[in-house]
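In case you want the letters, here they are:
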Amino acid sequence: MHSENKGSAMIKKGIVGMNAAIIVCFAIILVYQKNWILLFLLALLLTSLYLLWVDQQKEYQDELGEISLWLEDLLQKKNISGYSIQQDTLAAKLLSQLQRVQNMYGGIAARVEKERDGIKKLLAEIAHQLRTPLSNMETYLALLEDNSIGDTEKKAYIKAVEQSEDKLHFLIEKFIVAARLENQIIQIHKCDSNLKETVAQAVFQVRKKAEEKNINIIIQEEAADKKVLHDRNWLCEAIYNLLDNSIKYSPVFTDIIVKLTSNEMFSEICIEDSGTGIQKGEENKIFQLYYRGSNISNQEGYGMGLFIAREIVQKHDGFMKVRRKDAGLIMSIVLPKAGT
């Protein structure tokens, strides 16, 4: 490649030298013939060509200087979008390409920054949430080492350790699911499945919690489709999270109604409770990761269930709705029908 460039440069120099020799010979002939007018015109032409060449060289140097400044700004992470060249020149083309590179780099940097902030936030939240059950386990295990305690106290301490262990297991599972959803790791595999059976599976998983508070879960069907395209395992997880929230924040001896409906475009699962509810303006906030409604800030919870539910539903190409009541909430999962 270098030898080719060198050869090309030598050819160009040879051509320039040949042209110069021809011009000198032509000038000598004109002097010999004493044709001063043509000689003057030749000198004028050569002067004009020289001035044009000087002007082009200056313009070329100015463009190189501008390009050098743009590259320096790019290296210094300064914004070069403020520059604008209207002419259709090589410098304008290079500026446009540099601006595109900067925009692309800026988008990647912003995405990396967002992911880094998300990881930092996740780690901080994990550390915060795990601290309490770990501290409880440490405390009760230390108490169990005391040989003077009675059997009743020992059983109570062992139960407290088991409860802390269950909480740790729950938190770790939820953190893993939330992190996988945020980083687009989870894959949804949809197939035609019975939606009522999926709902029933989720209801069965929360049955024990509901019985402990004497809460009755009622499933109603109103012209619902039997078969709906969805991933049974993941949609069951989303419905479970909604039911778990309803049970947690509903008073004892109340009902939770799960209603299945459909129309030409959508299938919908509505979960209605008579619980604590939310404040006006919190309809969208409650789906944010770790957000907890102002009405329930004094109750135990982690602010992950609704986030996970919405992420799962969105991966089904669906959406969620929330409607406030005087007492309680109506949470809806809306899934599109195949082909809509």
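The rules we used
- Residue positions within a chain follow its written sequence, with the count starting from 1.
- The predicted nature of this model means local features are confined to residues of pLDDT at least 70 and side-chain atom pairs, given and counted, to a pLDDT of 80 or more, with totals for whole chains, interfaces and linings taken over all residues.
- Side-chain numbers here rest on the full set of heavy atoms in the structure, without hydrogens or water.
- Using a 1.4 Å probe on the protein chains alone, a residue whose accessible area is under 20% of its type maximum counts as buried, one over 50% counts as exposed, and one in between counts as partly exposed.
- Helix and strand labels come from DSSP, where a helix needs a run of H or I of at least four residues and a strand needs a run of E of at least two; each type is numbered from the N terminus.
- Two strands pair under a simple rule: DSSP has to find at least two bridges between them.
- In what follows, residue pairs with any heavy atoms lying within 4.5 Å of each other are defined as contacts.
- Definition of a polar contact: a pair of N or O atoms within 3.5 Å, with one able to donate and the other able to accept a hydrogen when the atoms are protein atoms, and with sequence-neighbouring residues admitted only if both atoms are side-chain atoms.
- Convention adopted: a line fitted to C-alpha atoms gives each axis, helices being fitted over their contacting stretch, and angles between N-to-C directions are expressed from 0 to 180 degrees.

Draft legend 1. Structural context of the pairing of strand E7 (residues 329-336). Within E7, eight of the eight residues are buried, which leaves it mostly tucked inside the rest of the structure. Of the two faces of E7, the one lined by Leu329, Met331, Ile333 and Leu335 and the one lined by Ile330, Ser332, Val334 and Pro336 are each fully buried. Pairing geometry for strand E5 (residues 266-272) and E7, over seven bridges, is antiparallel. Bridge pairing in E7 places Glu268 opposite Val334.

Draft legend 2. Looking closely at the environment of Ser274. Position of Ser274 among the secondary structure elements: in the loop between E5 and helix H7 (305-315). In this structure Ser274 comes out as partly exposed when scored by relative accessible area, which is 33%. For the pair Ser274 and Asp255, spaced 19 residues apart in sequence, the C-alpha separation works out to 7.4 Å. Ser274 has contacts with Ser250, Pro251, Asp255, Lys325, Ala327 and Gly328, leaving out every residue within four places of it along the chain.

Draft legend 3. Region of the structure containing the side chain of Glu268. Position of Glu268 among the secondary structure elements: in strand E5. Judged by relative accessible area, Glu268 falls into the buried class, the value being 16%. Of note is the side chain of Glu268, whose polar atom sits 3.1 Å from the side chain of Ser332. Sequence-distant contacts of Glu268, defined by excluding residues within four places in its chain, comprise Lys259, Leu260, Thr261, Lys321, Arg323, Ser332, Ile333 and Val334.

Draft legend 4. Inspection of the sheet that holds strand E4 (residues 255-262) at higher detail. Taken together, the five strands give an open sheet; going across it, the order is E2-E4-E5-E7-E6, and neighbouring strands pair in mixed fashion. Only two strands of the sheet have a single neighbouring strand rather than two, namely strand E2 (216-222) and strand E6 (319-324). Looking at each pair of strands side by side, their axes are set apart by 15 degrees on average, direction ignored. With six bridges joining them, E6 and E7 adopt antiparallel strand pairing. Looking at the pairing, Val322 lines up with Met331 of E7. Strands in contact with helix H5 (residues 195-212) are E2, E4 and E5; relative to E2, the strand with the most contacts, it is inclined by about 170 degrees.

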